[in-house]
Amino acid sequence: YSYIKLLANTFINRFRLVLDQETVEMKLGFSRNIQLGIKVVDNNSNTPIENVPMNCYIDENEKGSLALSDADGKFIFPVPSTSDDKPIQYVNFEVNMNEMIESAQLFGVLPQIQAQSTLKVIPPKIFIQISENNLGEATVNPYIQPVIVEFFARNFSANFVDNNNADLIISGTVNTRSNSDTANDFGIYQVFGDATISISNGETGEKILEKPFNKIQGSSFQSNEEAANQSLKKMSEKITEDFLP
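Residues numbered from 1 in each chain as written. Predicted model: local features only at pLDDT ≥ 70, side-chain atom pairs only at ≥ 80, totals over all residues. Heavy atoms only, no water.

1. Topic: the pattern of salt bridges
The following threshold applies: Definition used for salt bridges: Asp or Glu carboxyl oxygen within 4 Å of a side-chain nitrogen of Lys or Arg. By the criteria applied, helices consist of DSSP H or I runs no shorter than four residues and strands consist of E runs no shorter than two, each listed in order from the N terminus. Accessible area is worked out with a 1.4 Å probe on protein chains only. A residue is then buried under 20% of its type maximum, exposed over 50%, and partly exposed in between.
For the structure shown, the criterion picks out five salt bridges. Across the salt bridge formed by Asp42 and Arg14, the nearest N and O atoms sit 2.6 Å from each other. Of this pair, Asp42 sits in strand E3 (residues 35-42) while Arg14 sits in the loop between helix H1 (2-12) and strand E1 (15-19), and the two are 28 residues apart along the sequence. Note on Asp42: relative accessible area 12%, which makes it buried. Here Arg177 makes a salt bridge to Asp194, at a shortest N to O gap of 2.9 Å. With Arg177 in strand E12 (residues 168-178) and Asp194 in strand E13 (residues 189-201), this pair connects stretches of sequence that are 17 residues apart.

2. Some remarks on the packing of helix H3 (residues 144-156) against helix H4 (residues 224-243)
How we decide: Helix axes are fitted only over the stretch in contact, all axes being lines through C-alpha atoms; the angle between N-to-C directions runs from 0 to 180 degrees. Note on terminology: angles under 35 degrees are roughly parallel, angles over 145 are roughly antiparallel, angles of 65 to 115 are roughly perpendicular, and the others are oblique. Should the near helix be turned anticlockwise from the far one by less than a right angle, the crossing is left-handed, and should it be turned clockwise, the crossing is right-handed. In this analysis, two residues are considered to be in contact whenever any of their non-hydrogen atoms come within 4.5 Å of each other.
Where H3 meets H4, the closest approach of the two axes is 9 Å, and the angle between their N-to-C directions is 20°. Considered as vectors, H3 and H4 are oriented roughly parallel to each other. In the crossing of H3 with H4, the sense of the turn from one axis to the other is right-handed. Touching Ile144, Val147 and Ile148 of H3 are Leu232, Met235, Ser236, Ile239 and Thr240, all from H4.

3. Concerning the nonpolar core
Short version of the rule: Only buried Ala, Val, Leu, Ile, Met, Phe, Trp, Tyr and Cys residues count toward a nonpolar core, and they belong to the same one when joined by side-chain atoms within 4.5 Å.
Leu17, Ile38, Met54, Phe93, Val95 and Leu119 are the most contacted members of the largest nonpolar core, which has 30 residues in total. Every element with two or more residues in this core is listed here: H1, E1, strand E2 (23-27), E3, strand E4 (53-57), strand E6 (74-78), strand E7 (88-95) and strand E8 (114-122). Beyond its immediate chain neighbours, meaning those up to four positions away, Leu119 contacts Val24, Met26, Ile58, Val79, Pro87, Ile88, Gln89 and Val91. Counting 22 residues, the second-largest nonpolar core is a separate cluster that includes Ile128, Phe151, Phe213 and Met235.

4. Overview of the side chain of Thr139
Structurally, Thr139 is set in the loop between strand E10 (137-138) and H3. Classification of Thr139 as buried rests on a relative accessible area of 19%. Residues contacting Thr139, with those up to four places away along its chain left out, are Glu132, Asn133 and Asn134.

5. Some remarks on the packing of aromatic side chains
For clarity, the threshold we go by: Aromatic rings from Phe, Tyr and Trp, taking only the six-membered ring of Trp, are treated as a pair when their centres fall within 6.5 Å; an angle between ring planes under 30 degrees marks them as stacked, one over 60 as edge-to-face, and anything in between as tilted. Only Lys NZ and Arg CZ are tested; either one counts as a charge over a ring when it is within 6 Å of the ring centre and within 35 degrees of the ring normal.
In the structure shown here, the tally under the stated rule is six aromatic pairs. Ring geometry for Phe213 and Phe243: centres 6.1 Å apart, planes at 90°, overall edge-to-face. Here Phe213 is found in strand E14 (residues 207-220), whereas its partner Phe243 is found in helix H4, with 30 residues between them in sequence. Neither Phe213 nor Phe243 differs from the other in exposure class; each is buried. Across the ring face of Phe213, the terminal group of Lys211 is positioned such that the distance to the ring centre comes to 5.8 Å.

Structure, rendered in structure tokens:
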């Protein structure tokens, strides 16, 4: 039994992992179909080893993807999902002993065959320009642009730039209008708000998404201005809850 355990350790120690890339760059929210390649070879003969089970993950609490090496000893993994926006993260590759050896615990403490790639997470650059008019006048304290900025800052650690040299271009127009200068028969001022928000790819100019918000009603017993503010507040909540996610 001791000799069998020794042999298991000896042979497993011959596994060597060879990374295709030690460092990978990913723009948060934009990079798709990035593939991570790794190969497992026999350290003595340098020949590939087939059918080795491998886990690929960022968070050790989530084991991510599992794959078997092909005839050339190779694996291809997608970049594991991550909700972290740290600029430097690490992709871990680990031979799964429990998948490779039945009742692995009977062999004692087996070597951990691991490798690691550095993942550089680059925040996107965003240019945002929302024209917001409240009852025909430019809004001094806008409602819409701040919620969009806050969303991309919180979820993507975005950098906001003041020109079109950006990954995303967010533009829009927001207007409020009243049906009457006076309150209705119930003493209520009513104002309606309309907006159109569009998001485009800054590099290609391609429109990714566009959303209109029409007849968002705001009401107040005080004035049309306060009713208009209520309309804009409702609109900002709809954008935050329905559009941005």
